[in-house]
Amino acid sequence: MNSGSKRLTRKLLAHAFLILFIMMIMTPFLTVIASSFSRGNFAPSKLIPTEISLNHWKYVLGIPYDEVVNVTTGETRTLKADVVPIRWFWNSIKISIIASGGILLLSGTCAYAFARMKFAFKNQTMTGLLILQMFPMVLALVAFYTILEFIGQFAPRMGLNTHAGLTLIYLGGVSIYIWMIKGYFETISTSIEESARIDGASPFQAFILILLPMSAPIFAVVFILSFISYMSEYPVASVVLQTGDQWTLAVGANSFLYEQQKLWGRFSALAVLSGIPITVLFIICQRFLVSGLTAGGVKE
Amino acid sequence: MNKSTTKLIQYALAASVLLPLFYVNFLMYMSGNILMAMGMLGLLVLGIFIYASHKGYVYRYLFPGLLGFLIFVIFPLIYTFWISFHKYDARNLLTKERVEQILLSETFEPEGALGYAYKIYPGVSFNTYQLALTPKDGPATAEQLPPMFLSPEFSLPLVDDPQILDLSLSPTPPSGEALTLGEITRGKLHVMLRGLKLKLPDQQIVALSSLREFSTQKPVWEKTKDGGFKNLQDGTLIHAQSNSGFFETEDGERVGVGFRTWAGGENYSRIINDEQIKQPFVRIFFWTFAFAFLSMLTTFALGMFLAVLLEWEGLKARTLYRTLLIFPYAVPAFLSILTFQGMFNQEFGAVNEFLGALFHITPEWNTNPWLAKTMILIVNLWLGYPYMMIICTGNLQSISKSIYEASAIDGSTPWANFKRLTLPLVLPPMIPVLIASFAFNFNNFNLIFLLTGGSPKMVGGAGIAGETDILVTYTFNLAFKNSGADYGLASAIATILFVIVGILAWLNLKKTQGSAS
């Protein structure tokens, strides 16, 4: 065999491997789509549903539909979700956007001080921030519960079972983002800011008018990363939010899968409906993210 | 806009933020949380100082972020650490003050108690009611009606248990129709009324004694000078025992509910000495390390392999492949994990349907511990390889192509190239990423909790530990699964976990700073 045909076989092998691999990777998506259109609530198992039904989609979107109660008499009843599941998606989006915006505000200003100013114990504070943040949020739940219960006595709209309370907890997770933004600030030369200062700009003006516009990419990365991590957050939301109308997507989606009765059809419809926008957003923002990710940071 | 209006707006803004905060602070003080109120006042004054004085200029940027960090990261950490030295679980749940309150509110019906007939009227808003009480053997002649005592409106079910309301003398009954006995029993109101204590104008307490009647009550317990309680019915003395967290009689008999109490290092020593806890803890501890290490290794290997393959310039459609391969990373992880839970269902799931049709095997992913662990690693590989691939690609692209040309002249195979050139160049900058991946998986709560929930159950795990549990899910279950609620022990394990991950983070920091300089 000469080296030319050897190369060709290798190429063919590589293509065959990649195509097979991608097909394997994609099956979960296909089974979920199939399961959302199937009749009955069975675990995702087929690529093509045997009996097509739109009931799960109607349920998730809050459209009333008829369900057969008694097979022999053909008796039906009209079914409509008490809490329309699509509301959980909206709750999640709302909380994630507000929390991510807050994170930008808090971590951006902190990062500016860390990158451009001198103060006592600066390095120790930075190290402390990073290491203390390693304490997993899940294990601080007893404390979170106590804090929100306490706050709720004085400001019921920020206590347990409120979106504001959950957002407050999420705002505590600033340190990774402070590190990321600070790292980016440090790659930008201080010379423009310094000349602006000589012209009489205050440090705050230098920050808002000069540094911020130049750092737009890192703010986009931080926003997307925190948005995605809050969309996926389960444990804290599941303990803080107690009633169905307040749930986030993660808590609501998991509520379809009780130990005794797993409603795979409804779960699948909700997963497809809410998964698609997030996935599309991610693919669009991917180019931004690659640069941010290589700077270090792990998706949650 | 001139300077004075700007100033005015500034003051107005500051006042609109500060006044509500001071009001909340005042409420906090009034409700008896003096320590918390002082702390909040201190933070408020510090905030005002920072934003008003030029000395605090740097901290204007740091204050909001660090304040959030203080309240929602540092405080929970200290609180958890503090709980880890306490006996605090389902049996010893309340504070000692609360248990004392409950004891003091317990009442009994003494001999010769006065009976009161009651009527219940629906209140103005939904689920609120008003009670009217009349003495059963009071002066009831034709001219003189018996006195009638009215309660304020209250909601059922009761907000507090027990709840104390003051009665007031009233010449007329409340407006509206009183509920009939049937309505009371049908709505189970008589059950909900049990926790209600009513105080007559002469400070006597009355409580529900039967379906139709309230009667005067006396408190069961009286506080003694040495901090204990005396039973006024039979004269028993009880004292708080800080070892057990219960009030106990002289004979060691427990009375009432338990309270939280200092336990020293007991929670930590239980992990080492109590076989019921030690056995599952040690197994979960090793599985957590194995899981985090294997996840890191497999995702890195696959991600690296794909990255190298896609760097091959002769290959067509590389960008398309790359985009498709990133897909698992783009979907919210919890949705994928829950989907896999269904696909790996050993009876109905897609995986066994496929394996059964093709190879006639149906592995027991849900009941066999080893297969369950394998399943977790497969799912985590699916979730984690794209991230590794992205980062490896970034690193590979920074390697100069000329070194491969030199080795091509030597006639090296691709594998030799990879081993001798690529890996030594890519590995050092990957080490912080690998450590971060290890630390992330070490506490990968969502994966385990949503995929298996820790099942199958571990033999000898006291019903809480599962074969696939990692430390963080095990701890969560200890604290929040109904049968568990052992906050003290959970906090002790949480503290240990924090130390492990904290050291990893510190090592990683040193590595990153080392490679940067």
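Predicted, not measured: the structure shown is a model, and the values here were computed from it. (Residues numbered from 1 in each chain as written. Chains lettered and ligands numbered in written order. Predicted model: local features only at pLDDT ≥ 70, side-chain atom pairs only at ≥ 80, totals over all residues.)

Take the overall build of chain B next. Helix and strand content of chain B: 17 helices and 17 strands. Over its C-alpha trace chain B gives a radius of gyration of 34 Å, far above what one expects of a compact globule, namely 24 Å for 517 residues. Its C-alpha atoms put chain B at 125 × 80 × 50 Å along the principal axes. Each of the 517 residues in chain B was classed as buried or not, and the buried ones make up 31%. The long-range fraction of contacts in chain B, counting pairs at least 24 apart against all pairs at least 6 apart in sequence, stands at 57%. (Helix = DSSP H or I, 4+ residues; strand = E, 2+ residues; numbered from the N terminus. Rg over C-alpha atoms; globule rule 2.2 N^0.38 Å. Buried ≥ 20, exposed ≤ 12 C-beta atoms within 10 Å, placed from the backbone. Contact = placed C-beta atoms within 7 Å.)

This next bit is on the overall build of chain A. When you go through chain A residue by residue, the secondary structure sums to 13 helices and 2 strands. Taken over the C-alpha trace, chain A has a radius of gyration of 25 Å; the compact-globule value for 300 residues is 19 Å, which it surpasses by more than 25%. Reported as C-alpha extents along the three principal axes, the dimensions of chain A are approximately 85 × 80 × 35 Å. Within chain A, the proportion of its 300 residues that are buried is 41%.

Taking 1.5 Å as the rise per residue, helix α5 (residues 141–154) of chain A with 14 residues should run 20 Å; its terminal C-alpha atoms sit 20 Å apart, in good agreement. Every buried residue of α5(A) is listed here: A:Leu141, A:Val142, A:Ala143, A:Phe144, A:Ile147, A:Leu148 and A:Ile151. (Expected span 1.5 Å × (residues − 1).)

As a further point, take the domain arrangement of chain A. Residue and element names in this part refer to chain A. Domains assigned within chain A are domain 1 (3–79) and domain 2 (86–294). The C-alpha centroid of domain 2 is placed 33 Å from the C-alpha centroid of domain 1. The partner domain 2 presents 12 residues to the 16 residues of domain 1 that form the contact. Among the secondary structure elements, those contributing two or more residues to the side of domain 1 that touches domain 2 are α1 (3–36) and α2 (55–61). Here the residues of the side of domain 1 that touches domain 2 are counted per class, giving 9 nonpolar, 7 polar and no charged. (Domains from an automatic or database assignment. Nonpolar A, V, L, I, M, F, W, Y, C, P; charged D, E, K, R; others polar.)

Here the focus is the interface of chain B and chain A. Contact with chain B, which involves 78 residues of that partner, is made by 70 residues of chain A. When residues in the side of chain B that touches chain A are grouped by element, the largest group, 18 residues, is from helix α3 (residues 57–83) of chain B. Of the residues contributing to the side of chain B that touches chain A, the split by class is 61 nonpolar, 16 polar and 1 charged.

In a packed pair of helices, the relevant descriptors are the angle between the two axes and the axis-to-axis distance. All names here are of chain A. Packing of helix α3 (residues 86–116) against helix α7 (residues 175–187) brings their axes to within 8 Å, and their N-to-C directions diverge by 50°. Judged by the inter-axis angle, α3 sits oblique to α7. Crossing handedness for the pair α3 and α7: right-handed. For the pair α3 and α7, the contacting residues are Ile103, Ser107, Gly108, Cys110, Ala111, Tyr112, Phe114, Ala115 and Arg116 in the first and Tyr177, Ile178, Ile181, Lys182, Phe185 and Glu186 in the second. Residue composition of the contact of α3 with α7, grouped by class: 10 nonpolar, 2 polar and 3 charged. (Axes fitted to C-alpha atoms, helices over the stretch in contact; angles between N-to-C directions. Parallel < 35°, antiparallel > 145°, perpendicular 65-115°, else oblique. Left-handed = near helix turned anticlockwise from the far one by under 90°.)

Below, the discussion takes up the domain arrangement of chain B. Parsing chain B into structural domains produces domain 1 (3–83), domain 2 (96–101 + 223–259), domain 3 (107–219) and domain 4 (274–516). Here domain 1 of chain B and domain 4 of chain B have C-alpha centroids that lie 42 Å from each other.

Residue and element names in this part refer to chain B. Summarising the element assignment, proline 363 is placed in the loop between α11 (350–359) and α12 (369–397). Here proline 363 falls in the partly exposed class, since 18 other C-beta atoms lie within 10 Å of it. On a C-alpha basis, the gap between proline 363 and glycine 39 in space is 58 Å, while along the polypeptide they are 324 residues apart. Excluding residues within four positions of it along the chain, proline 363 makes contact with Asn352, Leu355 and Leu371.

The next subject is the sheet that holds strand β12 (residues 221–223) of chain B. Within a beta sheet, neighbouring strands are joined by backbone hydrogen bonds and run either parallel or antiparallel to one another. All names here are of chain B. The strand order β12-β13-β14-β15-β16 describes an open sheet built from 5 strands, whose pairing is antiparallel. Strands with a single pairing partner mark the edges of an open sheet, and in this sheet they are β12 and β16 (254–255). As defined by bridge partners, strand β13 (residues 229–231) adjoins strand β14 (residues 237–241) across 2 bridges and the pair is classed as antiparallel. When the sheet's bridge partners are listed, phenylalanine 229 is paired in β14 with isoleucine 238. (Pairing = 2+ DSSP bridges.)

Turning to the pairing of strand β11 (residues 213–219) of chain B, a few remarks are in order. Working note: regular strand, side chains alternate between the two faces of the sheet. Residue and element names in this part refer to chain B. In the sheet, strand β2 (residues 107–108) pairs with β11 via 2 bridges, with the strands oriented antiparallel. When the sheet's bridge partners are listed, phenylalanine 108 is paired in β11 with lysine 218. Inspection of the sheet shows strand β3 (residues 115–122) paired to β11 by 3 bridges, in the antiparallel sense. When the bridges of β11 are listed, alanine 117 appears paired with glutamate 213. Here 5 bridges tie strand β10 (residues 205–210) to β11, and the two strands are oriented antiparallel to one another. The residue of β11 that forms the bridge with valine 206 is threonine 216. The hairpin turn running from β10 into β11, its antiparallel successor, is 2 residues long.

For the rest of this paragraph, the subject is the packing of helix α8 (residues 275–310) of chain B against helix α14 (residues 414–442) of chain B. Residue and element names in this part refer to chain B. In contact at an axis separation of 10 Å, α8 and α14 are set at 140° when each is read in the N-to-C sense. The orientation of α8 with respect to α14, classified from their angle, is oblique. Note on packing geometry: the crossing formed by α8 with α14 is right-handed. Touching Thr288, Phe291, Ala292, Phe293, Ser295, Met296, Thr299, Phe300 and Val308 of α8 are Phe418, Thr422, Leu434, Ser437, Phe438, Asn441 and Phe442, all from α14. Residues that form the contact of α8 with α14 fall into these classes: 10 nonpolar, 6 polar and no charged.

To continue, consider unusual backbone geometry. Residue and element names in this part refer to chain B. A cis amide bond links serine 455 with the next residue in sequence, proline 456, at an omega value of 0°. Phi angles above zero are rare outside glycine, and alanine 317 is one such case at about 55°. As for its position among the elements, alanine 317 is in the loop between α8 and α9 (318–330). Taking the C-beta count within 10 Å as the criterion, alanine 317 has 11 such neighbours and is therefore assigned exposed. The backbone of histidine 360 sits at a positive phi, close to 55°, despite the residue not being glycine. Residue class for histidine 360 comes out exposed when judged on the 7 C-beta atoms lying within 10 Å of it.

Quick look at the confidence of the model for chain B now. Residues and elements named next belong to chain B. Chain-level statistics for chain B give a pLDDT mean of 85 and a share of 96% at 70 or above. Mean pLDDT values for the elements of chain B range from 73 in helix α13 (residues 402–409) up to 94 in helix α15 (residues 445–451). Across the whole predicted complex the pTM is 0.83, and at the interface the ipTM reaches 0.88. (pLDDT = per-residue confidence, 0-100.)

What follows covers helix α10 (residues 216–232) of chain A. Its 17 residues give α10(A) an end-to-end C-alpha distance of 25 Å, which sits within 8% of 24 Å, the value for a rise of 1.5 Å per residue. Inspection of α10(A) places A:Ile218, A:Val221, A:Val222, A:Leu225, A:Ser226, A:Phe227, A:Ile228, A:Ser229, A:Tyr230, A:Met231 and A:Ser232 among the buried residues, and these make up the whole buried set.

All names here are of chain B. Here strand β9 (residues 196–199) runs beside β10; their pairing, made up of 3 bridges, is antiparallel. Bridging across to β10, leucine 198 finds its partner in valine 206. Between the antiparallel neighbours β9 and β10 lie 5 residues, among them glutamine 203 with a positive phi of about 70°.

All names here are of chain B. With respect to the element layout, phenylalanine 442 can be found in helix α14. Look at phenylalanine 442 and you get buried, because 23 C-beta atoms sit within 10 Å. Remark: the alpha-carbon pair of phenylalanine 442 and serine 295, spanning 147 residues in sequence, is separated by 9.6 Å. For phenylalanine 442, the residues in contact, after removing those within four places along its chain, are Thr288, Ala292 and Val501.

Once that is clear, we can look at the environment of B:Asn446. Relative to the assigned elements, B:Asn446 resides in helix α15. On the neighbour-count criterion, B:Asn446 (21 C-beta atoms within 10 Å) is buried.

Let us look at the confidence of the model for chain A. Mean pLDDT over chain A works out to 86, with 94% of the residues at or above the 70 mark. In the model, residues 295–300 of chain A has pLDDT below 50 throughout and makes 17 contacts with residues more than four positions away in sequence or in other chains.

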